[in-house]
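Summary of the model geometry
These are the residues of each chain, in order.
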Amino acid sequence: MVHTILLLQEDRNQSSRHWREFKGFDRAVDDLCSTFEKRLKELNPSVKQIKYDISDLYTWVDSMPDLGAMVLDTKSGKYEPKNKGWIKQKIFERLKQQAMR
């Protein structure tokens, strides 16, 4: 598990900037997906079962004014910055991994 810090700004209001810390990037991806699902439920309170596909999740990620990650490189002991494109690739890999279980 690699220490990961997600840096988020979920809307245009700068006060929505925050960070979340995880013991692994898989946990960070799971948290992002969970946050997306909560947003969908908030927007669709009368829908009992929310359905979405990865393109909906990507659209949500792209709509964030700021999203990035700092991932610890265990060899150097330094954090490496990661952008939305990298995060979306990791989301895809994680969801594919979960689907194969």
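Preceding block: the structure.
Reference entry: report on the structure contained in this document. For clarity, every value in this text was computed on a predicted model and none was experimentally measured.

With that out of the way, let us pick up the pairing of strand 1 (residues 4-9). Extensive coverage of strand 1 is indicated by the burial of 5 of its 6 residues. Where strand 1 lies against strand 2 (residues 17-22), 6 bridges are found, and the strand directions are antiparallel. Bridge assignment links Ile 5 to a residue of strand 2, and that residue is Glu 21. Judged from the 6 bridges that link them, strand 1 and strand 3 (residues 66-73) form a sheet pairing that is antiparallel. Bridge pairing links Leu 7 to Gly 68 in strand 3.

This paragraph deals with the side chain of Ser 16. Mapping Ser 16 onto the fold places it in the loop between strand 1 and strand 2. According to the relative accessible area criterion, Ser 16 is buried, its value standing at 14%. Polar contacts involving the side chain of Ser 16 include one to the main-chain amide nitrogen of Glu 10, which spans 3.4 Å. Once residues within four sequence positions are removed from consideration, Ser 16 is found in contact with Leu 8, Gln 9, Glu 10 and Asp 11.

With that out of the way, let us pick up the nonpolar core. Ranked by internal contacts, the top residues of the largest apolar core, which has 19 residues, are Leu 6, Phe 25, Leu 32, Trp 60, Leu 67, Ile 87 and Ile 91. Going through the elements one at a time, strand 1, helix 1 (25-43), helix 2 (54-63), strand 3 and helix 3 (84-99) are the ones with two or more residues in this core. If one sorts the elements of this core by residue count, helix 1 sits on top with 7 residues. Residues contacting Phe 25, with those up to four places away along its chain left out, are Val 2, Thr 4, Ala 69, Val 71, Trp 86, Ile 87 and Lys 90.

Attention now goes to the sheet that holds strand 4 (residues 78-82). What the 4 strands build is an open sheet, ordered 2-1-3-4; its pairing is antiparallel. Looking at which strands have only one partner, the edges of the open sheet turn out to be strand 2 and strand 4. With direction set aside, neighbouring strand axes in the sheet form an average angle of 20°. Docked against the sheet, helix 3 engages strand 1, strand 3 and strand 4, running at close to 75° with respect to strand 3.

Parameters and conventions
Residues numbered from 1 in each chain as written. Predicted model: local features only at pLDDT ≥ 70, side-chain atom pairs only at ≥ 80, totals over all residues. Heavy atoms only, no water. Buried < 20%, exposed > 50% of the residue type's maximum accessible area, 1.4 Å probe, protein only. Helix = DSSP H or I, 4+ residues; strand = E, 2+ residues; numbered from the N terminus. Pairing = 2+ DSSP bridges. Polar contact = N/O pair within 3.5 Å; in protein donor to acceptor, adjacent residues only side chain to side chain. Contact = heavy atoms within 4.5 Å. Core = buried A, V, L, I, M, F, W, Y, C linked by side-chain atoms within 4.5 Å. Axes fitted to C-alpha atoms, helices over the stretch in contact; angles between N-to-C directions.

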